[in-house]
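What the coordinates show
Letter by letter, the chains look like this.
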Amino acid sequence: MDMKLFQRTRARQLLREMEQSESYQDWVELALAYDHECGLDDWKQDDACESYDFRAIRRRLDILRDLRFRRDYPQLLFTLNEGVHGNLGGMGKPSLYNKAKLGTKQLIRRYLDELCGALHDLDQVDDKIIPLAEKQDFFLRASHCNGRSALMLSGGAVLGFFHAGVLRALFEQGLLPEIISGSSAGSILAATACTHTDEELHERLSLDNLHHEVEETRAIRPVLSLLGSGRPNMDAENLIAYLGKIIPDLTFQEAFELTGRKLNITVTGLEPRQAPRLLNAITSPNVLIRSAVQASCAIYGIYPPVTLMCRNAKGETVPYLPGEKWIDGSFADDLPAKRLARLYGVNHFISSMTNPAALAITPDPDVPRNLLRSLVNYQARWWKMGSAEMLRFSREHIRIKSPVLNLMQHLTYGVLAQDYTADINIFLRNRWDHPLRLLAPPSREAMHRLIHEGERSTWERVEMVRNCTAVSRTLDEILHRRGWES
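Residues numbered from 1 in each chain as written. Predicted model: local features only at pLDDT ≥ 70, side-chain atom pairs only at ≥ 80, totals over all residues. Heavy atoms only, no water.

Thoughts on the pairing of strand 1 (residues 148-153)
By the criterion of burial, strand 1 is predominantly enclosed, with 5 of the 6 residues buried. Pairing of strand 1 with strand 8 (residues 346-353), which is carried by 6 bridges, proceeds in the parallel orientation. Following the sheet pairing, methionine 152 is matched in strand 8 by serine 351. Where strand 1 and strand 2 (residues 179-183) come together, 4 bridges link them in parallel fashion. Residue leucine 151 lies in a different strand from strand 2, and its bridge partner there is isoleucine 180. Handedness of the β-α-β unit built from strand 1, helix 8 (residues 162-172) and strand 2 comes out right-handed. (Buried < 20%, exposed > 50% of the residue type's maximum accessible area, 1.4 Å probe, protein only. Helix = DSSP H or I, 4+ residues; strand = E, 2+ residues; numbered from the N terminus. Pairing = 2+ DSSP bridges. Right-handed = clockwise from strand over helix to strand, strands pointing away.)

Here it is in structure tokens:
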């Protein structure tokens, strides 16, 4: 057999085996074999590439390495004060991670290892060489300038259980960000992750814990409601029971004190006059998480609007903003990047995207492009922007008397006007076969497939997440240990 033909055949076989991998360790071994078979080991070792400024990174690496070797810590501090760069020379570009199946240029990994080592050196150096107050000032400024990463979990009804696989994969690699947001179905998984300690989390994200048996007659009622054959309040009781099973009865503040993770849940106002809200321990510390999730999952016309509940100073459960009701958070702010940036200093975002509406109008920006794909993507963006502008014009200049139609117009505009991409995108690939079943509880087999696909899709992004968050994780670890959190 021709050698090139043999290599192509072997590569295709390895790709099939990667799709069937049951663990990250198995997937890594196959990915390494694929990269070796395709000659990508040489590409990783070669610093040169048009996608990033390898010369700037190499210069910076040499300087840090020399200063650490000579133990010139005052000069090292001066050099790092010039800027702690987690994305120096564009080394976080997706194109650098689309070439090989595992990892990217070794220069990038060497630079990040050297930079994080330098940060640890400054943290541990004797206070007589660098005073403690000077260290504290540096690390607080460096953390503020470098920013933090956040994980955003989209809506997606049943498809949202894909997020469980994403959370599991990141958690097992020690890469789960402290800041997590969730909308609609994503709020269920975000709340699960942020209300359980590290010791509990792996079990809480398991299929056995997340699956909830529902009678077949109850399982199809959301579908009947969508078709106009049932009452739009149906499975509120079932949802409440499910949330009671997997999410503790905690407020946002109590959950943060328990886990240290910063939970954020988006809700949309029932009335167009109501601005959407991002609920968390900063903006709404006393709101009960279960009621926030219930509101964020309240799909208009299917589930009833929700009045948020909170715990007052006496420990009693009472309505929060009793005059207002809330519905599905994904209508207005599925991926609340701007609000997370303002509240927590986040400047790097990871998204797990399962929202069917978003997937239909948003191509995966991290997929390698050719001319045909670029044309299709351009057409999709043009259609999305044009439709959003038409709705905006009609909202501002055409008066609709029907409150229901007015709200539907408002919600549709909210869906089209959003940006559904992030710095690192984990997109659901295998779409649901039967759209009407999106609103019915999944079978155990279907949930297993979604969780496992979430894991596999995340494995492809693990090294990118590891590199792009290395500096912020190092800074956070130092600040947490020192008790210097700002």
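A look at the pairing of strand 9 (residues 424-427)
Along strand 9, one buried face is formed by Ile424 and Ile426 and the opposite face, lined by Asn425 and Phe427, is buried too. Bridge count between strand 8 and strand 9: 4 bridges; the pairing is parallel. Within strand 9, the residue paired with serine 351 across the bridge is asparagine 425.

Topic: the packing of helix 9 (residues 185-194) against helix 16 (residues 289-296)
Helix 16 packs onto helix 9 with a crossing angle of 160° between their chain directions and a minimal axis gap of 8 Å. In terms of axis orientation, helix 9 runs roughly antiparallel to helix 16. Seen from above, helix 9 lies across helix 16 with right-handed handedness. Of the residues in helix 16, those touching helix 9 at Ser187, Ile188 and Ala191 are Ile289, Val293 and Ser296. For the contact of helix 9 with helix 16, the residue count by class is 4 nonpolar, 2 polar and no charged. (Axes fitted to C-alpha atoms, helices over the stretch in contact; angles between N-to-C directions. Parallel < 35°, antiparallel > 145°, perpendicular 65-115°, else oblique. Left-handed = near helix turned anticlockwise from the far one by under 90°. Contact = heavy atoms within 4.5 Å. Nonpolar A, V, L, I, M, F, W, Y, C, P; charged D, E, K, R; others polar.)

A look at empty space enclosed by the protein
Enumeration according to the criterion identifies 3 cavities of 30 Å³ or more in this entry. Quantified by volume, the largest cavity comes out at close to 410 Å³. Lining the largest cavity are 25 residues, with Phe161, Ile188, Leu239, Tyr303 and Pro441 positioned closest to its centre. Elements with a contribution of two residues or more to the lining of the largest cavity: helix 9 and helix 14 (236-246). For the lining of the largest cavity, the residue count by class is 19 nonpolar, 5 polar and 1 charged. If you add up the space inside the second largest cavity, you get close to 50 Å³. Every residue lining the second largest cavity is listed: Trp27, Tyr97, Lys101, Leu102, Gly103, Trp459, Glu460, Arg461, Val462, Glu463 and Met464. Both domain 1 (1-147 + 468-482) and domain 2 (149-357 + 426-462) contribute no fewer than three residues apiece to the lining of the second largest cavity. (1 Å grid on protein atoms, 1.4 Å probe; cavity = no way out; pocket = protein on both sides within 12 Å on 5 of 7 lines; lining within 4 Å. Points joined across faces, edges and corners; volume = space filled by probe spheres on them. Domains from an automatic or database assignment.)

Notes on the pattern of salt bridges
Scanning all chains against the criterion turns up 28 salt bridges. Measuring nitrogen to oxygen at the nearest pair gives 2.7 Å for the salt bridge that ties arginine 68 to aspartate 121. Here the residue arginine 68 occupies a position in helix 4 (residues 54-70), and aspartate 121 occupies one in helix 6 (residues 106-124), the gap between them amounting to 53 residues. Taking the relative accessible area as the measure of exposure, arginine 68 reaches 25% and is therefore partly exposed. (Salt bridge = Lys/Arg side-chain N within 4 Å of Asp/Glu carboxyl O.)

Here we look at the side chain of serine 291
Mapped onto the elements, serine 291 comes out in helix 16. Polar contacts involving the side chain of serine 291 include one to the main-chain amide nitrogen of methionine 309, which spans 3.1 Å. Setting aside chain neighbours within four positions, we find serine 291 in contact with Val306, Leu308 and Met309. (Polar contact = N/O pair within 3.5 Å; in protein donor to acceptor, adjacent residues only side chain to side chain.)

Concerning a positive patch on the surface
On the surface, Lys4, Arg8, Arg12 and Arg16 cluster together to form a positively charged patch. Along the chain, arginine 12 falls in helix 1 (residues 3-19). What makes arginine 12 partly exposed here is its relative accessible area of 44%. (Patch = residues over 30% accessible without salt bridge, like charges linked within 9 Å, V, L, I, M, F, W, Y side chains within 5 Å. Areas by Shrake-Rupley, 256 points an atom, 1.4 Å probe, with all protein chains shown as cover. Lys, Arg positive; Asp, Glu negative; His and termini not counted. Charge placed at Lys NZ, Arg CZ, Asp CG, Glu CD.)

Some remarks on helix 7 (residues 132-146)
Between its first and last C-alpha atoms helix 7 spans 21 Å; for 15 residues at 1.5 Å apiece the expected length is 21 Å, and the two agree. For helix 7, the full list of buried residues reads Lys135, Phe138, Phe139, Ala142, Ser143 and Asn146. An end-on view of helix 7 places all buried positions within 125° of arc, on one side of the element. In helix 7, the exposed positions that point more than 90 degrees away from the buried face belong to Ala133, His144 and Cys145. (Expected span 1.5 Å × (residues − 1). Arc of directions from axis to C-beta.)

Examining the packing of helix 8 against helix 22 (residues 444-459)
It is the contact of helix 8 with helix 22, at a shortest axis distance of 6 Å, that shows an interaxial angle of 45°. Relative to helix 22, the element helix 8 is oriented oblique. As for the relative orientation of helix 8 and helix 22, their crossing is right-handed in sense. Between helix 8 and helix 22, the contacting residues are Phe162, Ala164, Gly165, Val166, Arg168, Ala169 and Leu170 on the first element and Leu450, Ile451, Glu453, Gly454, Glu455, Ser457, Thr458 and Trp459 on the second. Its residues placed into classes, the contact of helix 8 with helix 22 shows 8 nonpolar, 4 polar and 3 charged.

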